[in-house]
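Secondary and tertiary structure notes
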There are 2 protein chains.
Amino acid sequence: MDDQLSRVFSALADPTRRDMVARLTAADATVNELAEPYDVSVQAVSKHLKVLEEAGLVSRSREAQRRPVHLEAEVFDLMTKWIERYRRRAEERYRRLDDVLAEMDTEQPTPRPDSERGAS
Amino acid sequence: MDDQLSRVFSALADPTRRDMVARLTAADATVNELAEPYDVSVQAVSKHLKVLEEAGLVSRSREAQRRPVHLEAEVFDLMTKWIERYRRRAEERYRRLDDVLAEMDTEQPTPRPDSERGAS
DNA sequence: ATCGTGTTCAACCCCTGGGTTGAATGAGGG
DNA sequence: CCCTCATTCAACCCAGGGGTTGAACACGAT
């Protein structure tokens, strides 16, 4: 778990953390406020927040003794970009496949113009 | 790890699996083909595929001895929907915040019309 | 200085995840 | 029928994740 994208996906793989993110879209909150609905210890929630913070999904300021948690929406774009990029490719491929299938009604051999690759 | 959203996020939290998905947008592939670039055993890759399959990201048909792996792009929408939903809320909140800040130049008390919640 | 509240650190437990190797199964091809 | 290739199952190892409890730390209030 080193790159940011891994951290973000991993952070959101946990239902509790997703719920926290969901709640933070409504308003900033403190650790204790966030912990209240779940029946786990405050420390556990603090750990969850650490994960979200290291993923860049959340930031914390200091305000008296409290450390309000604030959602950072920009990181969502990182995921969206990754997802859209490959979904687009996949769909494009299906489009090509349709073309191929359409051609197969008329022509025969249809070689394999195997396309470019891309890593994460 | 029970619900599908968790499985999808969790599946994509692994760089190797993301890379497989990326490569599968170009063309279907067999387990061995997929395993080739990585220096892990074929069994390990087979396990990765199982994870992707259980997340619904991938399907496998049978073609002679081979079991070509095929990307299922629809599941991406599940994530996109979740992400967009909460990003939208977050942005809307910022918009409201701007309004509040603008009002603070003129008025004083500004109560807290705390908004609705939503779970995963 | 002291207390109380909010938050985090530390040590520990247990279970899952990703990796390994070795053997089993499936499905043509000789 | 037997061999070979592709894939999966099984057993195991080790690191890390999520949970716990108990102590420490950081402030504000008294």
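Placed above this text is the structure.
Right, let's walk through the structure included here.

1. Thoughts on the protein's contact with DNA strand D
- Looking at DNA strand D, there are 22 residues lining it, with Ser41(A), Gln43(A), Lys47(A), His48(A) and Asn32(B) nearest.
- Among the atoms of DNA strand D lying within 4 Å of the protein, the sugar-phosphate backbone contributes 59%.
- Arg60(B) places a polar side-chain atom, nitrogen or oxygen, 3.1 Å from a phosphate oxygen of DNA strand D.
- Residue Arg67(B) places a side-chain N or O atom 3.5 Å away from a phosphate oxygen belonging to DNA strand D.
- For the surface near DNA strand D, the secondary structure elements donating two or more residues are helix H4 (42-54) of chain A together with helix H3 (31-35) and helix H4 (42-54) of chain B.
- Of the residues forming the surface near DNA strand D, the biggest block, 4 residues, is contributed by H4(A).

2. Considering the interface of chain B and chain A
- Listed per partner, the contact involves 43 residues of chain B and 42 residues of chain A.
- Summed over both sides, the interface of chain B with chain A buries roughly 3700 Å², with 59% coming from carbon and sulfur.
- Together, Arg18(B), Thr25(B) and Arg93(B) form the three largest contributors to the area buried by chain B at its contact with chain A, with a combined 17%.
- Counting across the chain B and chain A interface gives 4 salt bridges.
- A salt bridge links Asp3(B) to Arg18(A), with the shortest nitrogen-to-oxygen separation between them at 2.8 Å.

3. Here we look at the pattern of salt bridges
- If you walk through the whole model with that rule in mind, you get 12 salt bridges over all chains.
- Between Arg87(A) and Glu91(A) there is a salt bridge, with the nearest N and O atoms lying 3.9 Å from each other. You can see Arg87(A) and its partner Glu91(A) sitting in helix H5 (residues 74-104), 4 residues apart, about one turn around the helix.
- With relative accessibility at 40%, the residue Glu91(A) sits in the partly exposed group.
- Among the ionic contacts, a cluster of salt bridges with common partners joins Asp77(A), Glu84(B), Arg87(B), Arg88(B) and Glu91(B).

4. Topic: unusual backbone geometry
- With a phi close to 60°, Ala64(A) is a non-glycine residue in the positive phi region.
- Mapped onto the elements of the fold, Ala64(A) is located in the loop between strand E1 (58-60) and strand E2 (69-71).

5. Digging into H4(B)
Residue and element names in this part refer to chain B.
- With 13 residues, H4 extends 18 Å between its outermost C-alpha atoms, agreeing within 8% with the 18 Å of an ideal straight helix rising 1.5 Å per residue.
- Every buried residue of H4 is accounted for by Val45, His48, Leu49 and Leu52. Down the axis of H4, the sector holding all buried residues measures 100°, keeping them to one side. Turned more than 90 degrees away from the buried face of H4 sit Gln43, Lys47, Lys50 and Glu54, all of them exposed.

6. Overview of the environment of Glu72(A)
Residues and elements named next belong to chain A.
- Within the secondary structure layout, glutamate 72 lies in the loop between E2 and H5.
- Along the sequence, glutamate 72 and leucine 57 sit 15 residues apart, while their C-alpha atoms lie 5.1 Å from each other.
- Look past the residues within four positions of glutamate 72 in its chain and what remains in contact with it is Gly56, Leu57, Val58 and Ser59.

How each quantity is defined
- Residues numbered from 1 in each chain as written.
- Chains lettered and ligands numbered in written order.
- Predicted model: local features only at pLDDT ≥ 70, side-chain atom pairs only at ≥ 80, totals over all residues.
- Heavy atoms only, no water.
- Near = heavy atom within 4 Å.
- Polar contact = N/O pair within 3.5 Å; in protein donor to acceptor, adjacent residues only side chain to side chain.
- Helix = DSSP H or I, 4+ residues; strand = E, 2+ residues; numbered from the N terminus.
- Contact = heavy atoms within 4.5 Å.
- Buried area = accessible area lost by both parts, 1.4 Å probe.
- Salt bridge = Lys/Arg side-chain N within 4 Å of Asp/Glu carboxyl O.
- Buried < 20%, exposed > 50% of the residue type's maximum accessible area, 1.4 Å probe, protein only.
- Expected span 1.5 Å × (residues − 1).
- Arc of directions from axis to C-beta.

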